[in-house]
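What follows is the residue order along each chain.
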2 protein chains.
Amino acid sequence: MLKIPGLIDPHVHIREPGATHKEDWDTATAAALAGGITMLLAMPNTNPAIFDASTLELALAAAKAKAHCDYAQFIGAGPGNAEVAAQLAPRAAGLKMYLDSTFGELRLDDMSLWKPHFEKYPKNLPLVVHSESRSMAAAILFAAIYDRPVHIAHISLKEEVLLIKAAKEHGLKVTCEVCPQHLFLTKDDIPSFSGGHPGRGEVRPRLGSKEDVDALWANLDVIDCFASDHAPHTLEEKDSDEPPPGFPGVETTLALLLTAVHEARLTIDQIIEKMHTNPKRIFRLPEQPETWVEVDEQATYEIHAVDMQSRCGWTPFEGRQVKGRVTRVVLRGKDVFKDGKLLVEKGFGRNVR
Amino acid sequence: MLKIPGLIDPHVHIREPGATHKEDWDTATAAALAGGITMLLAMPNTNPAIFDASTLELALAAAKAKAHCDYAQFIGAGPGNAEVAAQLAPRAAGLKMYLDSTFGELRLDDMSLWKPHFEKYPKNLPLVVHSESRSMAAAILFAAIYDRPVHIAHISLKEEVLLIKAAKEHGLKVTCEVCPQHLFLTKDDIPSFSGGHPGRGEVRPRLGSKEDVDALWANLDVIDCFASDHAPHTLEEKDSDEPPPGFPGVETTLALLLTAVHEARLTIDQIIEKMHTNPKRIFRLPEQPETWVEVDEQATYEIHAVDMQSRCGWTPFEGRQVKGRVTRVVLRGKDVFKDGKLLVEKGFGRNVR
């Protein structure tokens, strides 16, 4: 039996407000606890997007009523809200900038729109970017010019990890996270796990090549955090003509990483570093007192969506054999998850900001 | 009568070797002199591309035999020639990296391929990038990380000039050039100058919006050089189903800029700074002794391709009224162009490296 600190997932899509048929603060935070995650940071691209005081209030009210685990809520950067976002910063997980997507209030396709956010968001609070490839390099340049830290979400490419390595060696204030799908799947795996439904392989960033995956594993020391980028959609949506990108992940991340420990690709200390120590430092999160996770390291089983807390009802890791099971989660002195059962009411989770 | 120094165009596509039906070292350098340009730097994306000792020799042999004005030849960066390019650096105008195009030997679509060039090319010799928008930001980041200067070719966007301004203010070693088409045309002008042949509007970078053009004019102090990006194609090619991008420019750049001086948008000193002083410094070019250009500032006339030295036979500025005509060009003590006539033989031009 292994005892580790409560894990922190800095990248979770809750889907509430706006798409609670996929997931909500209840099911997402229950799933997090089942995965050994006692604190999560929620992304702002909900419907409506979280980008001002009233939308932040909307998300926080739902979270307060329903969350089982602790949490904080990101604000999204838009073309006109740099001032407002900076004012709301003390109440937010951080600022999330979508630099490669183009939707609604969070659309930032012109780099001229980035400047006020890099300038104004408090330098001691987290600024996180969805930025792939050259956009990622551009984001690091902005961080250098405006002399503030930046955290790169879900890196997936060899060129990304190598450039972050070089940027860190040069002393630039950049940190990054990687998701389990970019460590444990390649684009060549899509046919086998998608069961003839290619939409199940859609995720952003896309699954990489074997060369990309190998480069991430070869540069684990460059990677600060493991994050799930839990992005639930229903199977009906994934199998539709316009499948939305995203995989669920909050319940499977730890089991996949523990399996890699058995395969001697990773150590328990690295899991703790990248899922507790580093995210706590990077995102300036408080200690959770009397909080830990117990793991049966020897438990071998298959991943099945039917066993999960998430509402979305599928996983790209369906049927994969893993070794290492969360048996008990204690959050602030209370047994919140034990032997596969959620033991805590909605509303127990606290806003850590 | 105005007397100005011999002008330097750091961005010219000669088309030789490989496409001499569009232009060659004879016609391109004759056209340069007609435009008041006494020294030009030739781009390496010829056929074959100039990327090693034997292809450099090929270009330099053609130049030596045919050039009317002084010149140097760029080497192109490819996935495997960083070592060779660095060795050849003393004989080359500089290193040209195509970061937004993907063709043949000069294809660099993965940022991992950029690193050896930024590391190895001599820091005191020019490294020029074709890099638009976020790729441009990425190139500036590479220059920062590998602590060397970088010159950004043909900027065209508001976001580009504003980011270069911020990068310069932060102390990063970045310089840039802008082309006449991005100062004097917008994308909305294409229907009127293309005469129903949209291929004549194809150029890379594309023509910008009025907002982009206005931002370039509003930030002239950020712009180090004016460069033509002379990129001749025949009208038959431009009007084909797959029109190649590019405008001729070496003969019209100065006249357009002199016209802007009459309109009080620019000064003669800025022209000399950005077409002589700055390129000489940035590209480490030698002084051309006894070399100058005489201009009739009051001469008003229409631009017509039929009057030009270039082989390509068209211009996007056809019919435009300009004010300011090159009447005499003296290169190293010799009258090389006077009253519309080329007075110098092929082979007079010298390799300045």
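In case you missed it, the structure is sitting above this.
Quick notes on the rules
Residues numbered from 1 in each chain as written. Chains lettered and ligands numbered in written order. Predicted model: local features only at pLDDT ≥ 70, side-chain atom pairs only at ≥ 80, totals over all residues. Heavy atoms only, no water. Helix = DSSP H or I, 4+ residues; strand = E, 2+ residues; numbered from the N terminus. Rg over C-alpha atoms; globule rule 2.2 N^0.38 Å. Buried < 20%, exposed > 50% of the residue type's maximum accessible area, 1.4 Å probe, protein only. Contact = heavy atoms within 4.5 Å. Lys, Arg positive; Asp, Glu negative; His and termini not counted. Charge placed at Lys NZ, Arg CZ, Asp CG, Glu CD. Least-squares fit on C-alpha atoms with pLDDT ≥ 70 in both. Pairing = 2+ DSSP bridges. Axes fitted to C-alpha atoms, helices over the stretch in contact; angles between N-to-C directions. Right-handed = clockwise from strand over helix to strand, strands pointing away. Salt bridge = Lys/Arg side-chain N within 4 Å of Asp/Glu carboxyl O. Polar contact = N/O pair within 3.5 Å; in protein donor to acceptor, adjacent residues only side chain to side chain. Phe/Tyr/Trp six-rings, centres within 6.5 Å; stacked < 30°, edge-to-face > 60°.

Peer 1: Would you mind going over the overall build of chain A with me for this structure?
Peer 2: Secondary structure assignment for chain A yields 12 helices and 14 strands. The C-alpha radius of gyration computed for chain A amounts to 19 Å, which stays within 12% of the reference 20 Å derived for 353 residues, consistent with globular compactness. Over its C-alpha atoms, taken along the principal directions, chain A stretches across nearly 50 × 45 × 40 Å. Within chain A, buried positions represent 63% of all 353 residues. Residue pairs at least 24 apart in sequence account for 74% of intrachain contacts in chain A once pairs closer than 6 positions are excluded. Side chains of chain A give 40 positive and 49 negative charges; the mean places of these two sets differ by 4 Å.

Peer 1: What am I meant to see in the relation of the copies chain B and chain A here?
Peer 2: In this arrangement, two copies of a chain are superimposed by a rotation about an axis accompanied by a shift along the axis. Mapping chain B onto chain A is achieved by rotating through 180° and translating by 0.0 Å along the same axis, at an RMSD of 0.0 Å. Both copies are brought into coincidence by an operation consistent with a two-fold rotation axis.

Peer 1: Can you help me understand the sheet that holds strand E4 (residues 70–73) of chain A in this one?
Peer 2: One key point about sheets: their strands pair by backbone hydrogen bonds, in either a parallel or an antiparallel sense. All names here are of chain A. Taken together, three strands build an open sheet; the order of strands is E2-E3-E4 and the sheet is parallel. The open sheet has two free edges, formed respectively by strand E2 (7–12) and E4, since each of these has just one partner strand. On average, adjacent strands in this sheet sit at an angle of 15° to one another, irrespective of strand direction. Bridge analysis of strand E3 (residues 37–42) against E4 gives four bridges, and the strand direction is parallel. When the sheet's bridge partners are listed, Ala42 is paired in E4 with Gln73. Along the sheet face, helix H1 (residues 25–34) touches E3 and E4 and points at about 135° away from the line of E3.

Peer 1: Where do I start with the pairing of strand E6 (residues 95–98) of chain A in this structure?
Peer 2: Each regular strand shows side chains that alternate between the opposite faces of the sheet. Residue and element names in this part refer to chain A. Residues Leu95 and Met97 line one face of E6 and the alternating positions Lys96 and Tyr98 line the opposite face, and both faces are buried. Bridging between strand E5 (residues 75–76) and E6 involves two bridges; their strand directions are parallel. Among the inter-strand pairings, Gly76 is bridged to a residue of E6, identified as Lys96. A crossover links E5 with its parallel partner E6, the connecting element being helix H3 (residues 82–88), and its sense is right-handed. As judged from the four bridges shared by E6 and strand E7 (residues 127–130), these two strands associate in the parallel manner. Note that in E7 the partner of Tyr98 across the bridge is His130.

Peer 1: Sorry, what's going on with the side chain of A:Glu237 here?
Peer 2: Residues and elements named next belong to chain A. Mapped onto the fold, Glu237 is located in helix H10 (residues 235–238). A relative accessible area of 18% means that Glu237 is categorised as buried. Discounting residues that sit within four places of it in the chain, Glu237 has contacts with His21, Lys22, Glu242, Pro243 and Pro244.

Peer 1: Would you explain the sheet that holds strand E8 (residues 150–152) of chain A in this entry?
Peer 2: All names here are of chain A. The six strands are arranged E5-E6-E7-E8-E9-E10 in an open sheet whose pairing can be described as parallel. Both outer strands of the open sheet, E5 and strand E10 (225–226), are each paired with one neighbouring strand and no more. Bridge count between E8 and strand E9 (residues 174–178): three bridges; the pairing is parallel. By the bridge assignment for E9, Ile152 is matched with Cys176.

Peer 1: Would you explain the interface of chain B and chain A in this entry?
Peer 2: Put simply, an interface is often sized by how much accessible area is lost when its parts join up. If you look at the interface, chain B gives 27 residues, while chain A gives 27 residues. Our count for the contact surface shared by chain B and chain A stands at two salt bridges. Here A:Asp100 makes a salt bridge to B:Arg134, at a shortest N to O gap of 3.6 Å. Run the count over chain B and chain A and you get 12 residue pairs in polar contact (both at pLDDT 80 or more). Those elements giving two or more residues to the side of chain B that touches chain A turn out to be helix H5 (134–145) and helix H6 (158–169) of chain B.

Peer 1: Explain the environment of B:Ala138 here, please?
Peer 2: Examined against the element boundaries, B:Ala138 turns out to sit in helix H5. Its relative accessible area of 0% is what places B:Ala138 among the buried residues. Distance from B:Ala138 to B:Met111, taken between C-alpha atoms, is 8.7 Å for residues 27 residues apart in sequence. Not counting the four nearest positions on each side in its chain, B:Ala138 is found in contact with A:Arg134, A:Ala137, B:Met111 and B:Trp114.

Peer 1: Sorry if this is basic, but what is going on with the packing of aromatic side chains here?
Peer 2: This model, assessed by the stated rule, comprises 16 aromatic pairs over all chains. Consider the rings of A:Phe247 and A:Trp314, whose centres lie 5.9 Å apart with planes at 90°: the pair is edge-to-face. One end of the pair, A:Phe247, is in the loop between H10 and helix H11 (253–262); the other, A:Trp314, is in the loop between strand E11 (292–302) and strand E12 (321–331), with 67 residues separating them in the sequence. With a relative accessible area of 5%, A:Trp314 lands in the buried category. Aromatic pair B:Phe118 and B:Phe142: ring centres 5.4 Å apart, planes at 45°, arrangement tilted. With a gap of 24 residues between them, B:Phe118 in helix H4 (residues 115–120) and B:Phe142 in helix H5 connect regions that are remote in the sequence. On the basis of relative accessibility, which here comes to 3%, the residue B:Phe142 falls in the buried class.

Peer 1: Even after reading the chapter, I still don't get unusual backbone geometry, so can you show me in this structure?
Peer 2: The omega torsion across A:Arg204 and A:Pro205 is -10°, close enough to zero to call that bond cis. Although it is not a glycine, B:Arg332 sits at a positive phi angle of roughly 50°. Here B:Arg332 lies in the loop between strand E12 (321–331) and strand E13 (334–338). Judged by its relative accessible area of 18%, B:Arg332 falls in the buried class. You will see that B:Asp339, though not glycine, has its phi angle at about 50°, which is positive. Here B:Asp339 is to be found in the loop between E13 and strand E14 (341–342).

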